[in-house]
Amino acid sequence: MSDLHQRSGRAVYVPGNDIDTDRIIPARFLKCVTFDELGPALFYDERFESEGASKGHVLDAPQHAGASVLISDVNFGCGSSREHAPQALQKFGFKVVIAESFAEIFHGNCTTLGIPCLKMAAEPRGMLADLVTQLPEAEMLIDLQTKTLIFANQSFNFDMLESSREAFLSGRFDPLDELLVAKSKIAEVAARLGNVSMSR
Amino acid sequence: MGKNLYQKVWDDHLVGTLENRQCQVFMALHLIHEVTSPQAFGMLKDKGLKVAFPERTFATVDHIIPTDDQSRPFQDEMADRMISVLAESTQTHGIEFFQPNSGSQGIVHVVGPELGLTQPGMTICCGDSHTSTHGAFGCIALGIGTSQVRDVLASQTLAMDPLKVRRIEVQGTLGPGVTAKDVTLHIIRTLGVNGGVGFAYEYAGPVIDQMTMEERMTVCNMSIEGGARCGYINPDQTTFDYLKGRERVPQDAAFEAAVERWASYASDADASYDDIVIIDGGEIEPTVTWGVTPGQAINVRERVPDPSTVSGLDQELMSDALRYMQLEPGAPIAGTAIDVAFIGSCTNGRISDFQAVAQVIKGHRVADGVRAIAVPGSEKVDAEARALGLDQVFTEAGFEWRLPGCSMCLAMNPDKLVGDEVCASSSNRNFMGRQGSATGRTILMSPVMVAASAVSGCVADARVVFGLEQSS
Ligand code: SF4
């Protein structure tokens, strides 16, 4: 079961507090009926001029190409509940996000999509970010079981929302199948609450 | 020890506990719109699932709809396609869809309450963070992502961790010209944009008690901007009076029975809370944002903060925000020139918002060079405003009166800022690029403050411009 509790990959540090979902994926890219095309639009306005010229954002730095671990700062993913933001991260190639804290809805969306959100305090995170910037080619090894990650021979502790960690460890981060099991109990609650005379 | 509303509603809707110890919670009402649900219907189809409770699900279009000409097909092909997909999906699954020109279309958080779909004691969810608006009726109203929209469509339930509850008591009375918008901006400024993480906010105290339902919706709407998962106000006579006679609310004897049930959800007098915060309503002034989060706000008489007075990361954040907003540290915020004035959105696009502005704007003219638009939150708001002649008042003052939708709140439709234009906006988010231009600048404020700024051509104190101080 090692694949359930481990993640590995190269990392990139995108600094900033309160990085909101509109920055992660600008609203004009929300016009879609599937999420398939969102990857290239990740952080679009921070990465490109309006005419499409690169601003030399760290995500476009060649040494970070293919990174699958995103490190950022405080309150990552605040703003909208739209899943376009974690979807864009995932489609871009990110499998793990590390930050000091996460906005709640964003966190929940990430979990359902299978992206663990790791919480790490400012000091170790700063050290990790520095190391990642110096050693863009190095692989990070993340263990959700022990809540530690290894990078450049150094070990870092992180925290996780317990229910989300358990969901990953059991492989049941997508709750839908389990939600459907309770069919008769759901019908019971619905009946007890009664028809609120909403529909015509 | 008694229970608070959150606990009562949660317990009432609890289906069970999942293996990861999350709770499975039944959703009494599910609202959907064109941006976050087409993909969910796609996911259902992939899994071969049906909508479990179509009669508890309602759809509208709001985000992408143009506000000048709504005839189909829209100029924007993708926008048109999104509506078509929603129309098809709702038809396939037997979901009621408030189409444009049905008389009921509008912003999802305006439509639910005005039809009376939103009722006290409900769990409500919608693929939209400002679902917290519905908490004004004493609901646990949650914004959810698209995979969760899928979960709710398929099972009418959500997997959730329980929340803590913070009671925010707004004491005293508000001064003249101070509105519900100022209260909510002030709370966010005080507690921070992530001060509410992990919490449901219960708003209480004399200031909240005296608010109308529409004012309460403005307050609850922005709970999410303070990081709270949801916000609510205990149902009371004001709530019941608002609901009485609404289209989807039980009538006559059934209404009396419903009121009794609704009232029972209110927090007990001896309920416990995880945290209590007291705010002095008398200290709240008309509040405006200077930065790029709703928490970066000051009262209109204050000066823009100076990064040199703080250190470290705070300094960096402040400097970045000021650079983006092109504001001088230490300069008064009043007098900042504006290019656009926007009155609308699920925060402040209801009839009372337009009434409040109409009352003061008569005899004033929007300043030269300012583009001013008023966008009703729904077809019902639009109809009522027209019946009262408010559209006339706005038009005579130099505003454009538009058709209902989210419009420039997030500019997914053609209503956008251009370049680095500054917009005085009654909406809820001033994030970078929020209003459709990557360099556009948003200053959040109440509708009367937007009106005062529109006629002044710059950020201005409505109390001064409209002589509100004397009138009280
Ligand atoms: S008005 Fe703005 S905040 Fe409200 S639902 Fe529409 S886009 Fe979202």
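The rules behind these values
- What you see as residue numbers is a count from 1 along each chain, following the sequence as written.
- Chain labels run from A onward and ligand labels from 1 onward, assigned in the order the entries are written.
- Where totals are concerned, whole chains, interfaces and linings use all residues; where local detail is concerned, this predicted model gives features only for residues with pLDDT of at least 70, and gives and counts side-chain atom pairs only at 80 or more.
- Neither water nor hydrogens contribute to the side-chain values; these are computed over all heavy atoms in the structure.
- Accessibility here uses a 1.4 Å probe with only protein chains present; expressed as a share of the type maximum, an area under 20% marks a residue as buried, one over 50% as exposed, and anything in between as partly exposed.
- Strands are runs of DSSP state E lasting at least two residues, helices are runs of H or I lasting at least four, and both sets are numbered from the N terminus onward.
- DSSP bridges decide pairing: two strands pair if at least two such bridges lie between them.
- By definition, the crossover connecting two strands over a helix is right-handed if that path, from the first strand to the second, turns clockwise as seen with the strands pointing away from the viewer.
- The criterion for a residue being near a molecule or strand is simple. One of its heavy atoms has to lie within 4 Å of it.
- Residues are grouped as follows: Ala, Val, Leu, Ile, Met, Phe, Trp, Tyr, Cys and Pro are nonpolar; Asp, Glu, Lys and Arg are charged; all remaining types, including Gly, are polar.
- Each domain's extent is set by a domain assignment, obtained either automatically or from a database.
- Convention adopted: a line fitted to C-alpha atoms gives each axis, helices being fitted over their contacting stretch, and angles between N-to-C directions are expressed from 0 to 180 degrees.
- By definition, residues are in contact when any of their heavy atoms lie within 4.5 Å.
- By buried area we mean the combined loss of accessible area, with a 1.4 Å probe, across both parts when two parts are placed together.
- Within this document, salt bridges are pairs made up of a side-chain nitrogen of Lys or Arg and a carboxyl oxygen of Asp or Glu, the two lying within 4 Å of each other.
- Two N or O atoms form a polar contact when they lie within 3.5 Å of each other; inside protein one atom must be a possible hydrogen donor and the other a possible acceptor, and for residues adjacent in sequence the pair counts only when both atoms belong to side chains.
- Think of a 1 Å grid over just the protein atoms. A cavity is a set of points where a 1.4 Å probe fits yet cannot get out, a pocket is an open set with protein on both sides within 12 Å along at least five of seven lines, and lining residues have an atom within 4 Å of a point.
- Grid points are joined across faces, edges and corners, and a volume is the space filled by probe spheres set on the points.
- If you view the pair so one helix is near and one far, a crossing is left-handed when the near helix is turned anticlockwise from the far one by less than a right angle, and right-handed when it is turned clockwise.

What to know about the pairing of strand β9 (residues 164-171) of chain B
Residue and element names in this part refer to chain B. Within β9, six of the eight residues are buried, which leaves it mostly tucked inside the rest of the structure. Two elements, β9 and strand β10 (residues 199-204), share six bridges in a ladder whose sense is parallel. Among the inter-strand pairings, K164 is bridged to a residue of β10, identified as F199. With helix α6 (residues 180-191) bridging β9 and the parallel β10, this β-α-β connection has right-handed handedness. Taken together, the six bridges between β9 and strand β12 (residues 275-280) define a ladder with parallel strand orientation. If you follow R167 over to β12, its bridge partner there is I276.

Looking at the site of the ligand
Residues and elements named next belong to chain B. Every residue near the ligand is listed here: H63, I107, H109, D128, H130, S345, C346, C406, C409, L410, N428 and R434. In terms of residue class, the shell around the ligand is made up of five nonpolar, five polar and two charged. In this structure, the shell around the ligand is formed jointly by two domains, domain 1 (5-275) and domain 2 (290-471), each of which donates at least three residues.

Structural notes on the sheet that holds strand β4 (residues 57-60) of chain B
Sheet strands associate in pairs through backbone hydrogen bonding, adopting either a parallel or an antiparallel arrangement. Residue and element names in this part refer to chain B. Strand order in the open sheet made by the five strands is β5-β4-β3-β6-β7, with parallel pairing throughout. What marks the edges here is a single partner per strand, and that holds for β5 (96-98) and β7 (140-143). On average, each strand axis in the sheet is tilted by 20° relative to the strand beside it, whichever way the strands run. When β4 meets β5, the two strands line up parallel, connected through three bridges. Each residue of the ladder has a partner; that of F58, found in β5, is E96. Together, β3 (29-32), β4 and β6 (123-126) form the strand contacts of helix α5 (residues 146-155), whose direction differs from that of β3 by roughly 130°.

Considerations on the interface of chain A and chain B
The partner chain B presents 76 residues to the 53 residues of chain A that form the contact. Buried surface at the junction of chain A and chain B, both sides included, amounts to about 5300 Å², of which 57% is carbon and sulfur. Between the two partners, chain A and chain B, sit seven salt bridges. For D174 of chain A, the salt bridge goes to R150 of chain B, with nearest N and O atoms at 2.7 Å. Summed over the shared surface of chain A and chain B, the number is 22 residue pairs in polar contact (both at pLDDT 80 or more). Those elements that provide at least two residues to the side of chain A that touches chain B are α2 (21-24), α4 (84-92), α5 (104-113), α7 (162-170), α8 (176-181) and α9 (183-193) of chain A. Ranked by residue count, the leading element in the side of chain A that touches chain B is α9 of chain A, at six residues. By residue class, the composition of the side of chain A that touches chain B is 22 nonpolar, 14 polar and 17 charged.

Looking at the layout of surface pockets
Taken as a whole, the largest pocket encloses approximately 1300 Å³ of empty space. Around the largest pocket sit 48 residues that line it, and R23 of chain A together with V292, D320, A321 and M432 of chain B are the ones nearest its centre. Mapped by element, the contributors of at least two residues to the lining of the largest pocket are α2 and α3 (44-47) of chain A together with α6 and α11 (312-325) of chain B. No other element matches α11 of chain B, which puts nine residues into the lining of the largest pocket. Tallied by class, residues from the lining of the largest pocket come to 20 nonpolar, 13 polar and 15 charged. Residue-level mapping places the lining of the largest pocket at the junction of two domains, with at least three residues from each of domain 1 (5-275) and domain 2 (290-471) of chain B.

Re the side chain of D45 of chain A
Examined against the element boundaries, D45 of chain A turns out to sit in helix α3. At 2.6 Å, the side chain of D45 of chain A forms a polar contact with the side chain of R28 of chain A. With residues up to four places along the chain from it excluded, the contact list for D45 of chain A reads P26, R28 and K55 of chain A together with A438 of chain B.

Quick word on the packing of helix α13 (residues 351-361) of chain B against helix α16 (residues 447-456) of chain B
If you want to describe how two helices pack, look at the angle between their axes and the distance between the axes. Residue and element names in this part refer to chain B. α16 packs onto α13 with a crossing angle of 40° between their chain directions and a minimal axis gap of 9 Å. Relative to α16, α13 is oriented so that their crossing is right-handed. Of the residues in α16, those touching α13 at D353, A356, V357, V360 and I361 are P447, V448, A451 and V455. Class assignment for the residues of the contact of α13 with α16 results in eight nonpolar, no polar and one charged.

Concerning the pattern of salt bridges
Residues and elements named next belong to chain B. Scanning the model with the defined rule gives 39 salt bridges over all chains in all. With a shortest N-O distance of 2.7 Å, E202 and R167 are connected by a salt bridge. Note that E202 is positioned in strand β10 and R167 in strand β9, a separation of 35 residues in sequence. A salt bridge links D420 to R441; the shortest N-O distance between them is 3.9 Å. Note that D420 is positioned in the loop between β17 (400-401) and β18 (422-425) and R441 in strand β19 (residues 441-444), a separation of 21 residues in sequence. Accessibility expressed as a relative area gives 34% for D420, which makes it partly exposed. Relative accessible area serves as the criterion here: at 10%, R441 is assigned to the buried category. Within this structure, E96, E247, R248 and K380 form a network of salt bridges that share partners.

Some remarks on the domain arrangement of chain B
All names here are of chain B. In terms of domains, chain B is made up of domain 1 (5-275) and domain 2 (290-471). For domain 1 and domain 2, the distance between their C-alpha centres works out to 25 Å. Residue-level contacts link 45 residues of domain 1 with 44 residues of domain 2. Around 3400 Å² of area is buried between domain 1 and domain 2 when both sides are counted, 56% of it from carbon and sulfur atoms.

Examining the sheet that holds strand β3 (residues 69-71) of chain A
All names here are of chain A. Pairing is parallel across the open sheet formed by four strands, whose spatial order is β2-β3-β4-β5. The sheet is open, and its two borders are formed by β2 (11-13) and β5 (117-119), each paired with just one other strand. On average, adjacent strands in this sheet sit at an angle of 20° to one another, irrespective of strand direction.

Quick look at the pairing of strand β1 (residues 14-17) of chain B
Sheet faces and side chains relate simply in a regular strand, where the side chains alternate between the two faces. Residues and elements named next belong to chain B. In this structure, β1 lies alongside strand β2 (residues 23-26), joined through three bridges in antiparallel fashion. Within β2, the residue paired with G16 across the bridge is Q24. The antiparallel hairpin formed by β1 and β2 contains five residues in its connecting segment, where R21 sits at a positive phi of about 70°.

Describing the environment of S50 of chain A
With respect to the helices and strands, S50 of chain A occurs in the loop between α3 and β3. A polar contact is formed between the side chain of S50 of chain A and the side chain of E51 of chain A, at a distance of 2.8 Å.

Things to note about α16 of chain B
Residue and element names in this part refer to chain B. Most of α16 sits inside the fold, with nine of its ten residues counted as buried. Looking only at α16, the buried set comprises P447, V448, M449, V450, A451, A452, S453, A454 and V455. Where α16 is buried, its residues touch β13 (287-289), β15 (340-343), α12 (345-348), α13, β18 and α17 (462-465). G457, located one to two residues past α16, shows a positive phi value of around 80°.

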